[in-house]
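One letter stands for each residue in the lines below.
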Amino acid sequence: MKSPTATLLFSCPDQRGLVAKIANFIYCHNGNIIHADHHTDFAAGLFLTRIEWQLEGFDLSREAIAPTVASLAKSLDATWQLHFSDRVPRLSIWVSRQDHCLLDLLWRHEAKEFLAEIPLIISNHPDLKAIASQFGADFYHMPITKANKAEQEAKQLELLNYYQIDLVVLAKYMQVLSADFLSSFNNVINIHHSFLPAFAGAKPYHQAYQRGVKIIGATAHYVTPDLDAGPIIEQDVVRVSHRDDVDDLIRKGKDLERMVLARAVRSHLQNRVLVYGDRTVVFA
């Protein structure tokens, strides 16, 4: 096993000497930096960085790292996140009736393509319960209507708390999360079957067909109260032609959705995504 590491995601108003100040904090405590990525958004006047270092030999305890970073961040008016590589995140996958994204994530998890636990699957339909059982995850069928939405979301939040979930992945969960839900739990990734901001909302492949597009896309983004408008993590496209009908677009789109969602989830789990405003930096 690789020795454990700490990863710091850090953003602050741009100024001279920031790389040196952050690196010096690690150096002064006998840390060995193994990855460092930086970006400056000149329009926003922001400096953003991801730095990963080995914990072996680092002379601060894990409990002492966060208060020390907080002191540095306060002096630079920064926002920050600290993650440890040997803490395994816990995912909950939410689905409706379509199984392609769910199966892809579960297969990749079985193949150890990303480090996580997936103890909980929630659906507003019962169709995919057998898949959850096959992969050893608990399955909860929670139908959603206008009348019971608030009540069901309260139960969903209870389940997320009970299973100690860090991230919810909407793998073709055809429901809109309420602002109240997102105010309580906002670490949610969605896969949308179009190249946002084009064709937001329902039936984007039908919209694309009507417009006679030559490419279709898929977008993975963080969920916000504004429909399909959250910060984008990953996107991809594939070419289509006049010979393709709606079913062809849907078939090609499903392949894209699998890949785009998997890449987004992997980037999030590896602590490579830094959100600022409505945008993201995804460090390679």
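Residues numbered from 1 in each chain as written. Predicted model: local features only at pLDDT ≥ 70, side-chain atom pairs only at ≥ 80, totals over all residues. Heavy atoms only, no water.

This part takes up the UniProt feature "active site" (unreviewed entry) in the protein chain. Here the UniProt-annotated "active site" (unreviewed entry) positions come out as D228. Within the secondary structure, D228 sits in the loop between β10 (215-222) and β11 (232-239). A polar contact of 3.5 Å, which involves the side chain of D228, links it to the side chain of H192. (UniProt positions renumbered as here; feature names shortened; annotations may be inferred. Helix = DSSP H or I, 4+ residues; strand = E, 2+ residues; numbered from the N terminus. Polar contact = N/O pair within 3.5 Å; in protein donor to acceptor, adjacent residues only side chain to side chain.)

With that settled, consider the environment of A264. Examined against the element boundaries, A264 turns out to sit in helix α8 (residues 246-269). Sequence separation of A264 and L160 is 104 residues, and the distance between their C-alpha atoms is 21 Å. Apart from the residues within four sequence positions on either side, A264 is in contact with I189, A220, I233 and E234. (Contact = heavy atoms within 4.5 Å.)

Moving on: the packing of aromatic side chains. Following the criterion strictly, the structure yields seven aromatic pairs and no others. Arranged with centres 6.3 Å apart and planes meeting at 80°, the rings of F25 and F58 form a pair that is edge-to-face. Of the two residues, F25 sits in helix α1 (residues 18-28) while F58 sits in the loop between β3 (46-54) and α2 (62-76), which places them 33 residues apart along the sequence. Taking the relative accessible area as the measure of exposure, F25 reaches 9% and is therefore buried. For F58, a relative accessible area of 8% translates into the label buried. When the ring of W94 is compared with that of F181, the centres are 5.7 Å apart and the planes differ by 65°; the resulting orientation is edge-to-face. (Phe/Tyr/Trp six-rings, centres within 6.5 Å; stacked < 30°, edge-to-face > 60°. Buried < 20%, exposed > 50% of the residue type's maximum accessible area, 1.4 Å probe, protein only.)

What follows is about the packing of α1 against α2. Across the interface, α1 lies against α2 with an axial gap of 11 Å and an inter-helix angle of 160°. Accordingly, the angle class assigned to the pair α1 and α2 is roughly antiparallel. Viewed along their axes, α1 and α2 form a crossing whose handedness is right-handed. Of the residues in α2, those in contact with L18, K21, I22 and F25 of α1 are I65, T68, V69, L72 and L76. Split by residue class, the contact of α1 with α2 holds seven nonpolar, one polar and one charged. (Axes fitted to C-alpha atoms, helices over the stretch in contact; angles between N-to-C directions. Parallel < 35°, antiparallel > 145°, perpendicular 65-115°, else oblique. Left-handed = near helix turned anticlockwise from the far one by under 90°. Nonpolar A, V, L, I, M, F, W, Y, C, P; charged D, E, K, R; others polar.)

Once that is clear, we can look at the pairing of strand β2 (residues 32-41). As defined by bridge partners, β2 adjoins β3 across nine bridges and the pair is classed as antiparallel. Counted as the bridge partner of H35 is E52 from β3. (Pairing = 2+ DSSP bridges.)

Right, let's talk about α2 for a bit. Spanning 15 residues, α2 covers 22 Å between terminal C-alpha atoms, matching the ideal 21 Å at 1.5 Å per step. Residues of α2 that are buried: I65, V69, L72, A73 and L76. Down the axis of α2, the sector holding all buried residues measures 100°, keeping them to one side. Exposed side of α2, more than 90 degrees from the buried face: E63, P67, K74 and S75 are the residues found there. Two residues or fewer after α2 comes D77, characterised by a positive phi angle close to 55°. (Expected span 1.5 Å × (residues − 1). Arc of directions from axis to C-beta.)

Bringing the packing of helix α7 (residues 204-211) against α8 into the picture now. Where α7 meets α8, the axes come as close as 10 Å, and the angle between the chain directions of the two elements is 125°. Classified by the angle between their axes, α7 and α8 sit oblique to one another. Crossing angle aside, the handedness with which α7 passes α8 is right-handed. Between α7 and α8, the residues in contact are Y205, H206, A208 and Y209 and V246, L249, I250, G253, K254 and E257, respectively.

This brings us to the pattern of salt bridges. In total, this model carries 17 salt bridges according to the counting rule given. One salt-bridge network, in which partners are shared between bridges, spans D104, R108, E113 and R266. (Salt bridge = Lys/Arg side-chain N within 4 Å of Asp/Glu carboxyl O.)

Residues given the UniProt feature "domain: ACT" (unreviewed entry) here are residues 7-87. The annotated region residues 7-87 carries 32% helix and 40% strand content, and the separation between its end C-alpha atoms amounts to 12 Å.

By the secondary structure assignment, H100 is in helix α3 (residues 100-110). A distance of 2.7 Å separates polar atoms of two side chains, one belonging to H100 and the other to E257.

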